[in-house]
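# Coordinate analysis (summary)
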Amino acid sequence: MNSREKILQRLRQSSPLQNPATSPFGNDAGIFADYTDDENKWLSQFRAKFAALNGELYEVGNIAEAGQQIQKLLSGASPVLAQEHPLIREILPTVEPDTDFYPGLELSAPEFAEYQAAISVADCLVARTGSIVLNSRSAGGRRLSILPPLHIVIAKTNQLVPSLSEAIALYLKTKMDWSYAVIITGPSRTSDIEKQLVLGAHGPKRLAIVLLHAS
Amino acid sequence: MNTQKQFKKQSAEKAHDQQHLLKIRKAIRTYDEKVAEMKQAQFIDWPAARKQAGQIKQYVLENWADLLEQFESNMKENGAEVLWAETAEQARQIFLEIADRHKAKKIVKSKSMTTEEIELNETCEANGIEVWESDLGELIVQLAGEKPYHIVTPAMHKSKAEISKLFHEKLGSVESDSAEELTMIARAHLRQAYVTADIGVSGANFLIADPGLVHITENEGNIRLTTACPPVHVVIAGIEKLLPRLEDLALFLPLLATSGTGQQLTGYNNLIRGPRAAGEADGPRKMYVILLDNGRSQLHADPKLRIALRCIRCGACLNACPVYKTIGGHSYQTTYQGPIGAVLTPQFRGIAEWHHLSDASSLCGACTQVCPVDIPLHELLLENRRQSDEQSNTSLFWKQSLKIWAVIMSDRGKLNAFHRAAANGAEAAALLLPHETGKRIPKLARQTFAQWWEENEQS
Ligand code: SF4
């Protein structure tokens, strides 16, 4: 018998006969005090939560405004790496000339580390926790959103969901053919030294969202 | 020196070290305030939430084998290799084989208590593989040549000045009294590691059976870099890390963050399904998951102690424990410290040698009160004591005497009737009790309070 079989056999021997069933957790409304199912409150809740996490939120009405806002955010940050994505292509021609698109070019790890800002889209925004959810297939791989010191996310107000259960349910409805996803809640941080908060421990020091109001 | 003597000596030293006490109290006070605030702000009913979490974990324990197989087959489908280790030694061998296959000279590692458990760093170094710890707290204790002080905040016991000196000596940086500057020194130092390492090694917080997925939580981003940049990713996880479904994370992520650090959610919750999928831009080409048993399945056979396997390693019971706060994390000399360490270590490493950890408790129950998965820790400490007593070779005479003593002491009427005899008995017992046991019998007053009252009431 190999290790696998030995371990499984021991667990089976000691498991009691009854099989207490639990239904999947999905009761955010019944557990979390800050849960709201009122769609009109999601944006204001997200604003407050994201600000408390030291995130920067910029709300814009159209593509042109989004371009201007990104230009402002990028001032001084160069070179820039943007995700190859129709929405970002639509916004970017008007701004920053020194931008590479990824994927589409081969980048070694050291080359990747040269970029000063990254731009990507996201899958959804979580109102209750101020989080951004994205994955390796929808947001340009694993490294884009973690290596550069500034990460700019382009999102739309209709991507807001009330809580984590809804964000997870969105994924479960898809094929989930990505190898990696992440729930991002604020910029990279640490409190390992005397419990003092420091931003930009290993990942982005600044996390910004350019939020397009869906009309 | 045996483990028990060493424990006593170290605890006595630490308990009288004022500097140490001040640092720990300060860190834990900050933690306590944040946790209380977050529980209030986030949960309608914290006890109900932890009860629900406890039940989900209990479900795992009672369907464990099936869920493990489900996890394994789903991960395989995504292209990851799943390997099983019965013991720490097997896990080390499996890891070394992987390292050999990929000709690894250098690994970058994120914080993982399971790798501490199998002493991966020592194994790698003995085999000529360089290890870079990437979590800031872990890097600090690694540079200092120490073991983690705490399962969540490994460098809790180090002051800014000590860290500055350490970085100056080991990394050649300029001394600084700013936490920010010190963090940036570590950041710059570790960037090198991510881009040159042959293997990234991580632990796991949760293994999701359906759909197969490894969840790892963090604030710094070092886990993201460790699992994104190197060409190979190895996960080393205890088999008890399972959760049945992805939906369960909606409860467990806020629960773990609140109990662990007083946050609503930690900065990055990573969900890893496998190596780079077809058509993806980057990510490791190979992913291995090593499932470690190392005593867990044996513990599962004990119907009373099995519940300890619910633990999600949040560290809350350490921070709540008056013993931990006094003697500090290093005195335990174990991978897992505090109440959960005092429950698990005697079971994993042998009651005879480690029962002193279960003895060193005031049984105040503070640990039980804070545990987010509803583990009755203080009752398990008592169970360890019972097992230790059962196995010990204390003479029958002592066992019998103590039984009689217990009968008398727990009944007012009997105590009154036998008071004089009991007081004499206690004194005699105190003299007779073999000195090496280190046990003390409480001294009984010559007179009961009722007798004293009768005599003194009038005057
Ligand atoms: S026993 Fe409970 S409180 Fe202690 S670390 Fe485990 S989950 Fe947290």
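Figured I'd write up the structure that's included with this text. (Residues numbered from 1 in each chain as written. Chains lettered and ligands numbered in written order. Predicted model: local features only at pLDDT ≥ 70, side-chain atom pairs only at ≥ 80, totals over all residues. Heavy atoms only, no water.)

### Details of the environment of N384 of chain B
As a reminder of what qualifies: Counting from the N terminus, the helices are the DSSP runs of H or I reaching at least four residues and the strands are the DSSP runs of E reaching at least two. N or O atoms within 3.5 Å of each other form a polar contact, as long as, within protein, one can give a hydrogen and the other can take it, and as long as residues adjacent in sequence are counted only when both atoms are side-chain atoms.
By secondary structure assignment, the location of N384 of chain B is in helix α19 (residues 377–391). At a separation of 3.1 Å, a polar atom in the side chain of N384 of chain B contacts the main-chain carbonyl oxygen of V343 of chain B.

### Side note on the site of the ligand
Applicable threshold: By convention in these notes, a residue is near a molecule or strand provided one of its non-hydrogen atoms lies within 4 Å of it. Site definitions follow a grid-based scheme: protein atoms alone, a 1 Å grid, a 1.4 Å probe that fits but cannot get out for cavities, and for pockets an open set with protein on both sides within 12 Å along at least five of seven lines, plus lining residues having an atom within 4 Å of a point. For a cavity or pocket, the test is whether more than half of a molecule's atoms lie within 2 Å of its grid points; if they do, the molecule sits there.
Taken together, 13 residues form the shell around the ligand, and within it C311, C314, G315, C317 and C371 of chain B come nearest. When atoms are counted within 2 Å of each cavity's grid points, the one that captures over half of the ligand is the second largest cavity.

### Let's talk about the sheet that holds strand β9 (residues 180–184) of chain A
We count it as follows: When DSSP finds two or more bridges between a pair of strands, those strands are recorded as paired.
Reading across from one edge, β8(A)-β5(A)-β6(A)-β9(A)-β9(B)-β6(B)-β5(B)-β8(B) is the order of the eight strands in this open sheet, with mixed pairing throughout. On the outer flanks of this sheet lie β8 (160–161) of chain A together with β8 (242–245) of chain B, each paired with one strand and no other. Bridge count between strand β6 (residues 213–218) of chain B and strand β9 (residues 268–272) of chain B: five bridges; the pairing is antiparallel. Following the sheet pairing, T217 of chain B is matched in β9 of chain B by N269 of chain B.

### Structural notes on the pattern of salt bridges
Put simply, the rule reads: We define a salt bridge as a contact between a side-chain nitrogen of Lys or Arg and a carboxyl oxygen of Asp or Glu at a distance within 4 Å. We call a residue buried when its accessible area falls under 20% of the maximum for its residue type, exposed when it is over 50%, and partly exposed in between, using a 1.4 Å probe and counting protein chains only.
For the coordinates displayed, the defined rule picks out 37 salt bridges over all chains. Of the charged contacts in the structure, one is a salt bridge between E69 of chain B and R12 of chain A, with a shortest N-O distance of 2.9 Å. Here the residue E69 of chain B occupies a position in helix α4 (residues 64–77), and R12 of chain A occupies one in helix α1 (residues 3–14), the pair thus bridging two chains. We classify E69 of chain B as partly exposed; its relative accessible area is 28%. Judged by its relative accessible area of 40%, R12 of chain A is partly exposed.

### A closer look at the side chain of K160 of chain B
Basically, it comes down to this: Two residue types count as positive, namely Lys and Arg, and two as negative, namely Asp and Glu; His and chain ends fall outside the count. Throughout, a contact is declared for two residues whenever any of their heavy atoms are within 4.5 Å.
You can see K160 of chain B is positioned in helix α9 (residues 160–171). Comment: no salt bridge for buried K160 of chain B; closest opposite-charge side chain is E194 of chain A, at 4.4 Å. A distance of 3.4 Å separates the side chain of K160 of chain B from the backbone oxygen of D177 of chain B, its partner in a polar contact. The residues contacting K160 of chain B, other than those within four sequence positions of it, are I193, E194 and Q196 of chain A together with D177, S178, A179 and L182 of chain B.

### A word on the packing of α9 of chain B against helix α10 (residues 179–196) of chain B
Residue and element names in this part refer to chain B. Using the following cut-off: Orientation is described by axes fitted as lines to C-alpha atoms, over the contacting stretch for helices, and by angles from 0 to 180 degrees between their N-to-C directions. Orientation is classified from the angle alone, with under 35 degrees giving roughly parallel, over 145 giving roughly antiparallel, 65 to 115 giving roughly perpendicular, and any other angle giving oblique. When the near helix sits turned anticlockwise from the far one by under a right angle, the crossing is termed left-handed; a clockwise turn instead gives a right-handed crossing.
In the contact formed by α9 and α10, the axes pass within 10 Å of each other and the chain directions differ by 30°. Looking at the two axes, α9 sits roughly parallel to α10. Crossing geometry of α9 relative to α10 is assigned as left-handed. Two secondary-structure elements touch here, α9 through K160, I163, S164, F167 and L171 and α10 through A179, L182, I185, A186 and H189.

### Describing empty space enclosed by the protein
Residue and element names in this part refer to chain B. To keep it simple, the criterion reads: Grid points are joined across faces, edges and corners, and a volume is the space filled by probe spheres set on the points.
Here the structure, examined in full by the defined rule, presents six cavities of 30 Å³ or more. Its volume calculated, the largest cavity comes out at about 140 Å³. Of all the secondary-structure elements, those providing two or more residues to the lining of the largest cavity are α15 (322–327), α16 (338–349) and α18 (366–370). At three residues, α16 tops the list of elements feeding residues into the lining of the largest cavity.

### Here we look at the interface of chain B and chain A
Note the following rule: Once two parts are brought into contact, the accessible area they lose, counted with a 1.4 Å probe and summed over both, makes up the buried area. Throughout this entry, Asp, Glu, Lys and Arg are counted as charged residues, while Ala, Val, Leu, Ile, Met, Phe, Trp, Tyr, Cys and Pro are counted as nonpolar. The remaining residues, Gly among them, count as polar.
Each partner contributes residues to the interface: chain B has 97 residues there, and chain A has 78 residues. When chain B packs against chain A, close to 7500 Å² is buried across both sides, 57% of that on carbon and sulfur atoms. We note a salt bridge from D66 of chain B to R12 of chain A, for which the minimum N-O separation is 2.7 Å. Scanning the region where chain B abuts chain A turns up 51 residue pairs in polar contact (both at pLDDT 80 or more). At 10 residues, α10 of chain B tops the list of elements feeding residues into the side of chain B that touches chain A. In terms of residue class, the side of chain B that touches chain A is built from 46 nonpolar, 27 polar and 24 charged. Here β9 of chain A runs beside β9 of chain B; their pairing, made up of five bridges, is antiparallel. Residue pairing in the sheet places A181 of chain A in a bridge with L271 of chain B of β9 of chain B.

### Side note on the state of the cysteines
Residues and elements named next belong to chain B. The condition is simple: To count as a disulfide, a pair of cysteine sulfur atoms needs to be within 2.5 Å.
All told, the structure shown has zero disulfides over all chains when counted by the stated rule. The closest cysteine sulfur to the non-disulfide-bonded C364 is located on C367, 6.2 Å from its own sulfur. Overall, C364 belongs to the partly exposed group, its relative accessible area being 48%.

### A closer look at the sheet that holds strand β1 (residues 56–60) of chain A
Residues and elements named next belong to chain A. Reading across the sheet, the six strands line up as β1-β12-β7-β4-β2-β3 and stay open at both edges, with parallel pairing between neighbours. The strands lining the two open edges of the sheet, one partner per strand, are β1 and β3 (99–102). Here the average twist between neighbouring strands, direction ignored, is 20°. As paired elements, strand β2 (residues 80–83) and strand β4 (residues 117–121) share three bridges and run parallel to each other. The residue bridging V80 from the neighbouring strand is A117, located in β4. Packing against the sheet, helix α4 (residues 63–74) makes contact with β1, β2, β4, β7 (150–156) and β12 (206–212), and its axis sits at approximately 165° to β12.

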